[in-house]
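# Analysis of the macromolecular model
The chain contents come next:
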Number of protein chains: 2
Amino acid sequence: MPTGTLLYAQSGGVTAVINATAAAVIQAARARKVPVLAARNGILGALREELIDTAALPASTVRALGQTPGGAFGSCRVKLKSLEQDRARYERLLEVLRAHDVRWFLYNGGNDSADTALKVSQLAAEFGYPLTCVGVPKTVDNDLAVTDCCPGFGSAAKYTAVSVREAALDVAAMAETSTKVFVYEAMGRHAGWLAAAAGLAGNGPDEAPHLILFPERPFDEADFFARVKAVVERVGYCVVVASEGIRTPDGRFVADAGGGQDAFGHTQLGGVASHLAGRVKDALGYKVHWTLPDYLQRSARHLASRTDLEQAQAVGRKAVEYALKGMNAVMPVIVRTSDSPYRWKVEPAPLQAIANHEKTMPAEFIREDGYGITDAARRYLQPLIRGEAPPLYGRDGLPRYARADQAPLPRKLPEWAG
Amino acid sequence: MPTGTLLYAQSGGVTAVINATAAAVIQAARARKVPVLAARNGILGALREELIDTAALPASTVRALGQTPGGAFGSCRVKLKSLEQDRARYERLLEVLRAHDVRWFLYNGGNDSADTALKVSQLAAEFGYPLTCVGVPKTVDNDLAVTDCCPGFGSAAKYTAVSVREAALDVAAMAETSTKVFVYEAMGRHAGWLAAAAGLAGNGPDEAPHLILFPERPFDEADFFARVKAVVERVGYCVVVASEGIRTPDGRFVADAGGGQDAFGHTQLGGVASHLAGRVKDALGYKVHWTLPDYLQRSARHLASRTDLEQAQAVGRKAVEYALKGMNAVMPVIVRTSDSPYRWKVEPAPLQAIANHEKTMPAEFIREDGYGITDAARRYLQPLIRGEAPPLYGRDGLPRYARADQAPLPRKLPEWAG
């Protein structure tokens, strides 16, 4: 058995099942008697030497973490730049890893994190420090390259499809005298994956959602109004799912609320549904309701997809396996071997092929008229929301979620000046 | 066995479990060989003589309806005025009831509907038409008088508490470098019942939700900012639950989006969370996220409270029992006989005591500082969200919800001119 420590860190927006990956990592490493440290707040904790010793977590707590949404050890939105631009931070990172005898570094995140893991592995090689870096996939945005899908997406997709189906039944019941148009705002800056998942809620032109607005297609307001009106007149009501990232034909975000940027340089969005609701009300005179689920859609562990949960656990286990085998600069990815029956397996892919790439939604997933999904999209999306995996609930009617916020280990290095 | 027909209608905003009441009514009536008609779109369907013969629904569909959110037969927001003001409509109603030999009228709604049921019973008596009118309670607002709680509220309360707990875990994970303040907007025009239910998500001042804003307390922005700041500095982040109906000290709604009024004369609200998020960002500089669950909170049958579901079924069964016994102008209400262990029963209450009354939240349910709930509130609310009652899911990963939108019976009367 190799000696040394495994460091696990979470990065970027968290999901309903990223802790299932964390729990699987801890369990797989324990089975091999490898100690696991977890960085508090992702890469920041590694830089600050705020490392949590997971040996202190009883097996029951690890199991409970495995059914808890959010990021148990904290995540962060900090993107390291190139080795040249951010050399001091990469070197500090390596110094911390060395101080804690970290020989395996698992970075659980999206394409930015894959890039960081790749660069850390390059620097370690440069310094002759024996380190195996493995990226672990996670993102509700489903925009990682190579992997067929991303752990976290399936559960958010299930939340979206179920919520739209439920709200549509409400609207259908009220439409005669009240709300005629309902707008649901789905996450998705550049790709309409979650908006597309809403399409699973119904079949045919009369079932909700009646109109889906994708960031992949320019938003034509006049055409949209005409379609809303036609649906209301035909069906009695209209359920619209709008991706937060839809843009006008000249490329501006339809609703650029706040207009700030996050640490990754992404524009902060929000408010598309509110904007569309107001416009529809003014243009067509219908009573409109709208919803912005925001974080609820990515933290709804109570409605997790079993498929997604199993994939989140599998990539955690595989990441440990790859790391201990010394498979450096790889990521365990989901490979789909069959649509029907749905079959998948996990295989290693080079981080180089994933880092900083963004997978867009295939054009053939969007219906020709631009307002719905195709059969190809259904074949792809459908298996990802299959199966239920409810958390255990307490007698108080609330899910039994766990936290792992104990104090970090004592520092071995001077405080980080960064 | 008495002869005649039972007419069931749904009214006002629908809930996750009103169809459970409908299914219980149909099942209880079938067991007594009493035919059940359902009015399409509530009282409008009764006036228009759009009546659905539930005999056409297979037992399996009735069971599926029982686990379907929304209003299976359609609801409406139409309030009948006094007998003097709306005499023509009340007389038309009686004419339709008579044409279909309706001897029992069950009206499933809130306090407006209790009022309508009461007036119909008075008019029937005046005309010497043998009719028994029973109100059946329903509302996520929990504002009906006499009853200890309202079917529909417990499930919305559970949705609220679970969603706030889940989103708070997400915020906790991200707070170090991203979102520091999260605002959840809860339904509740005049009473903060659902906002209060969010309080069940945490215990003690450091657990989310950290601040709850009730419509029962005037909103003092400067004090609110100071508290948000204090929580962020102490805990690292702050989760706020705001009731849609909060008002400034001079009585204006904090966010009166749209400013329209619905058919019941209520101001349409929405956008408190968005408003507060913008204000907090400007005043304190924190990154803020917010959510407006809107209809999702009252249609989330996937997260129904078992207690609530059982009460929704029980009032349906009892309503049939009362009606067939000729107990006129009553409503089956929930009577709590013990907090711990929680025990309840159903008893009849006179519609006169319920019609047009609104139950406000007891002052002792709000903490002295105005930003949280008391132990008394917990004792009241806690049992209502207890127990899970997930719907059956299909192999496609979506709940198996049913519709009952078949064509109405052929008309026996001329078309309604109203």
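Residues numbered from 1 in each chain as written. Chains lettered and ligands numbered in written order. Predicted model: local features only at pLDDT ≥ 70, side-chain atom pairs only at ≥ 80, totals over all residues. Heavy atoms only, no water.

Applicable threshold: UniProt positions are given in the numbering used here, feature names are shortened, and annotations may be inferred rather than shown by experiment.
Labelled according to an unreviewed UniProt entry, chain A appears under the name Pyrophosphate--fructose 6-phosphate 1-phosphotransferase, originating from Vulcaniibacterium tengchongense. In its Subcellular location (unreviewed entry) section, UniProt records this for chain A: "Cytoplasm". Under the Subunit (unreviewed entry) heading, UniProt states for chain A: "Homodimer."

### Notes on the UniProt feature "binding site: diphosphate" (unreviewed entry) in chain A
The line we're drawing: The secondary structure listing takes helices from DSSP runs of H or I that are at least 4 residues long and strands from runs of E that are at least 2 residues long, numbered from the N terminus. Whether two residues are in contact is decided by their heavy atoms, any of which lying within 4.5 Å being enough.
In the numbering adopted here, UniProt assigns the feature "binding site: diphosphate" (unreviewed entry) to Gly13 of chain A. The residue Gly13 of chain A is located in the loop between strand 1 (5-10) and helix 1 (18-31) in this model. Leaving out residues up to four positions away in the same chain, Gly13 of chain A has contacts with Arg77, Lys138 and Arg298 of chain A together with Met174 of chain B.

### Notes on the sheet that holds strand 7 (residues 211-213) of chain B
Residue and element names in this part refer to chain B. For the record, the criterion: Here the rule is simple: two strands pair whenever DSSP picks up at least two bridges between them. To obtain each axis, a line is fitted to C-alpha atoms, and for helices this fit is confined to the stretch in contact; angles are then taken between N-to-C directions over 0 to 180 degrees.
Across the sheet, 4 strands lie side by side as 7-8-6-9; this open sheet has parallel pairing. Here the strands that pair on one side only, and so sit at the sheet edges, are strand 7 and strand 9 (288-291). On average, each strand axis in the sheet is inclined to that of its neighbour by 15°, with strand direction left out of account. Taken strand by strand, helix 6 (residues 153-174) contacts strand 6 (181-186) and strand 8 (238-243), and its axis lies near 165° from that of strand 6. Its contacts with the sheet place helix 8 (residues 221-235) against strand 6, strand 7 and strand 8, and it is angled at close to 150° to strand 8.

### Comments concerning the interface of chain B and chain A
Frequently, the measure chosen for interface size is the accessible area removed from exposure when the parts meet. So the rule is basically this: Should a side-chain nitrogen of Lys or Arg be within 4 Å of a carboxyl oxygen of Asp or Glu, the pair is scored as a salt bridge. What qualifies as a polar contact is a pair of N or O atoms within 3.5 Å, subject to a donor-acceptor requirement within protein and to the restriction that residues adjacent in sequence count only when both atoms come from side chains.
Counting residues at the interface gives 70 residues for chain B, matched by 70 residues for chain A. Counting every contact that joins chain B to chain A gives 4 salt bridges. We note a salt bridge from Arg298 of chain B to Asp170 of chain A, for which the minimum N-O separation is 2.7 Å. At the junction of chain B and chain A, the tally comes to 31 residue pairs in polar contact (both at pLDDT 80 or more). Elements that contribute at least two residues to the side of chain B that touches chain A include exactly helix 2 (43-48), helix 6, strand 6, strand 9 and helix 10 (296-299) of chain B. It is helix 6 of chain B that provides the largest number of residues to the side of chain B that touches chain A, a total of 14 residues.

### Structural notes on empty space enclosed by the protein
All names here are of chain A. To be explicit about the condition: Definitions used for this entry: grid spacing 1 Å over protein atoms alone; cavity, a set of points where a 1.4 Å probe fits but cannot get out; pocket, an open set with protein on both sides within 12 Å along at least 5 of 7 lines; lining residue, one with an atom within 4 Å of a point. Grid points are joined across faces, edges and corners, and a volume is the space filled by probe spheres set on the points. In this count, Pro and Cys sit with the nonpolar residues alongside Ala, Val, Leu, Ile, Met, Phe, Trp and Tyr, while Asp, Glu, Lys and Arg are called charged and the others, Gly among them, polar.
For the coordinates displayed, the defined rule picks out 1 cavity of 30 Å³ or more. Mapped by element, the contributors of at least two residues to the lining of the largest cavity are helix 6 (153-174) and helix 11 (306-324). Here the residues of the lining of the largest cavity sort into 4 nonpolar, 2 polar and 1 charged.

### Topic: the pattern of salt bridges
Our working rule: We call a residue buried when its accessible area falls under 20% of the maximum for its residue type, exposed when it is over 50%, and partly exposed in between, using a 1.4 Å probe and counting protein chains only.
All chains considered together, the criterion is met by 44 salt bridges over all chains. With a closest N to O distance of 2.8 Å, Glu176 of chain A and Arg48 of chain B form a salt bridge. Note that Glu176 of chain A is positioned in the loop between helix 6 and strand 6 (181-186) and Arg48 of chain B in helix 2, a pairing that runs across two chains. The exposure class assigned to Glu176 of chain A is partly exposed, which follows from its relative accessible area of 36%. One salt-bridge network, in which partners are shared between bridges, spans Asp223, Arg227, Arg367 and Asp369 of chain A.

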